[in-house]
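Breakdown of the fold
Chain by chain, the residues:
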Amino acid sequence: MSGAAPIAVLPMYDFPWTAAANDALWTAMAAWLIEAGVEAPKALTRGPDLDAQWRDPGLVFGQTCGYPYVTGLKDAVALIAAPIYEFPGCEEALHRSFIIRRASDARRALAEFRGATAGLNAHDSNSGMNLFRATIAPIAGGAPFFRAVMVTGSHEASVAAVAEGRADLAAIDCVSFALLARGRPELIERVAVVAESPRSPSLPFIANARLGASTIAAVRQALFAALADPTLAEARAALGLRGARPSSPADYDRVAEIERGAAAAGYARLE
């Protein structure tokens, strides 16, 4: 270990209705790690400062977005595995974003939304920005497409902004969309999918790179043990987590390729 107090974080799909499942997954992993002689926190850390958590030298287990991983975290963290989700839009360890409009909006094609307002969860989001940008790039013609881009702070807030008419389009990753359909069905019923983005690697499970090869290997073993544990079937189902596969940094080169493709089309910024 690095000497720092160990932490574990699962912030990417931690809604109120999935928090207990995330807790159950980590509790099982922590027990496995402690039995294997690895120092591990008994509870997940929660809080708004995701970048600090991802970079914490004591990070034993976490999950990050592919865009921050590629653009700033690659040297600071080690990949544990890529998750496999069971929801529509997911395929093996890949996922995509759904571009959504208000259900009552008469526009049906993306090109009809030129001059509209886009909702964006964060500028460093792969699903909310990078995949959104890649979907708009072929029709933008190398020029700004939207009248305005508003930052909402989360996928849930982006869906609400579209549903309430404050934004006209937003890109929501397919896992968040499915989980929101379970926990806030009344919100999802007010929007509709108008397009789908290209596929991209799923959000990686990570640990601090300085933990050491043996600790990182133990964390990977703990994850796969939890994914195979029949007593965690209900928790995995609540998360839509079907499994995971080992991954390498090269798998996430696709995120940068998607960014370069938009730039080559003359649409380097979502605007």
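Notes on the structure in this doc start here. (Residues numbered from 1 in each chain as written. Predicted model: local features only at pLDDT ≥ 70, side-chain atom pairs only at ≥ 80, totals over all residues. Heavy atoms only, no water.)

Next up on the list: the overall build of the chain. Secondary structure summary: the chain contains 10 helices and 12 strands in total. Its C-alpha radius of gyration of 19 Å places the chain within 12% of the 18 Å reference for a compact globule of 271 residues. C-alpha extents for the chain along the principal axes are approximately 60 × 40 × 30 Å. Residue burial in the chain is summarised as follows: out of 271 residues, 52% are buried. Across the chain, every contact between residues at least 6 apart in sequence was considered, and the portion connecting residues at least 24 apart equals 80%. When the accessible area of the chain is evaluated, it comes to approximately 10,900 Å², of which 53% is carbon and sulfur surface. Computing the positive centroid from 25 side-chain charges and the negative centroid from 28, the chain places the two 5 Å apart. (Helix = DSSP H or I, 4+ residues; strand = E, 2+ residues; numbered from the N terminus. Rg over C-alpha atoms; globule rule 2.2 N^0.38 Å. Buried < 20%, exposed > 50% of the residue type's maximum accessible area, 1.4 Å probe, protein only. Contact = heavy atoms within 4.5 Å. Areas by Shrake-Rupley, 256 points an atom, 1.4 Å probe, with all protein chains shown as cover. Lys, Arg positive; Asp, Glu negative; His and termini not counted. Charge placed at Lys NZ, Arg CZ, Asp CG, Glu CD.)

It is worth spelling out the sheet that holds strand 7 (residues 148-151) at this point. Spatially, five strands are ordered 7-6-8-5-9 in an open sheet, and the strand pairing comes out mixed. On the outer flanks of this sheet lie strand 7 and strand 9 (191-196), each paired with one strand and no other. Put simply, the sheet's adjacent strands are angled 35 degrees from each other on average, direction ignored. In this structure, strand 6 (residues 117-120) lies alongside strand 8 (residues 169-173), joined through two bridges in parallel fashion. Looking across to strand 8, one finds that Ala 118 is bridged to Leu 169. Helix 5 (residues 155-163) contacts strand 5 (97-102), strand 6, strand 7, strand 8 and strand 9 of the sheet and is inclined by roughly 150 degrees relative to strand 8. On the sheet, helix 6 (residues 174-183) packs against strand 5, strand 8 and strand 9 and is oriented at approximately 90 degrees with respect to strand 8. (Pairing = 2+ DSSP bridges. Axes fitted to C-alpha atoms, helices over the stretch in contact; angles between N-to-C directions.)

A separate point is the pattern of salt bridges. For the structure on display, the rule yields 18 salt bridges. With its nearest N and O atoms 3.0 Å apart, the salt bridge here joins Arg 46 to Asp 23. Pair noted here: Arg 46 is in the loop between helix 1 (19-35) and helix 2 (50-55) and Asp 23 is in helix 1, with a separation of 23 residues, a long-range link. Arg 107 is the partner of Asp 105 in a salt bridge, and the nearest nitrogen-oxygen pair spans 2.9 Å. Here Arg 107 falls in the partly exposed class, since its relative accessible area comes to 23%. (Salt bridge = Lys/Arg side-chain N within 4 Å of Asp/Glu carboxyl O.)

Two cysteines form a disulfide when their sulfur atoms are joined by a covalent bond. Taken as a whole, this structure holds zero disulfides when the rule is applied. Free of any disulfide, Cys 65 has its nearest neighbouring cysteine sulfur in Cys 174, separated by 13 Å. Given the relative accessible area of 7%, Cys 65 is considered buried. A disulfide-free cysteine, Cys 90 has its sulfur positioned 3.2 Å from the sulfur of Cys 174, the nearest such atom. (Disulfide = S-S within 2.5 Å.)

Take the packing of helix 3 (residues 66-73) against helix 10 (residues 253-264) next. At a minimum axis distance of 9 Å, the contact between helix 3 and helix 10 shows a crossing angle of 90 degrees. Considering their axes alone, helix 3 and helix 10 lie roughly perpendicular with respect to each other. On the side of helix 3, the interface is formed by Gly 66, Tyr 67 and Val 70, while helix 10 contributes Val 255, Ala 256 and Glu 259. In terms of residue class, the contact of helix 3 with helix 10 is built from four nonpolar, one polar and one charged. (Parallel < 35°, antiparallel > 145°, perpendicular 65-115°, else oblique. Nonpolar A, V, L, I, M, F, W, Y, C, P; charged D, E, K, R; others polar.)

So, on to the sheet that holds strand 11 (residues 205-208). Strand order in the open sheet formed by five strands is 1-2-11-3-12, and the pairing between neighbours is mixed. Each having just a single partner strand, strand 1 (7-8) and strand 12 (241-245) make up the two edges of the open sheet. Here four bridges tie strand 3 (residues 77-85) to strand 11, and the two strands are oriented antiparallel to one another. Paired with Leu 79 across the bridge in strand 11 is Ile 206. Against the sheet, helix 1 touches strand 1, strand 2 (59-63) and strand 12, its axis set at about 150 degrees to strand 2.

Moving on, we get to the packing of helix 4 (residues 126-140) against helix 10. Two numbers describe how helix 4 lies on helix 10: the axes approach to 8 Å, and their chain directions differ by 40 degrees. Here helix 10 runs oblique to helix 4, going by the angle between their axes. Relative to helix 10, the crossing made by helix 4 is left-handed. Facing helix 4, whose interface residues are Asn 126, Asn 130, Leu 131, Arg 133, Ala 134 and Ala 137, helix 10 presents Val 255, Ile 258, Glu 259 and Ala 262. A per-class count over the contact of helix 4 with helix 10 returns six nonpolar, two polar and two charged. (Left-handed = near helix turned anticlockwise from the far one by under 90°.)

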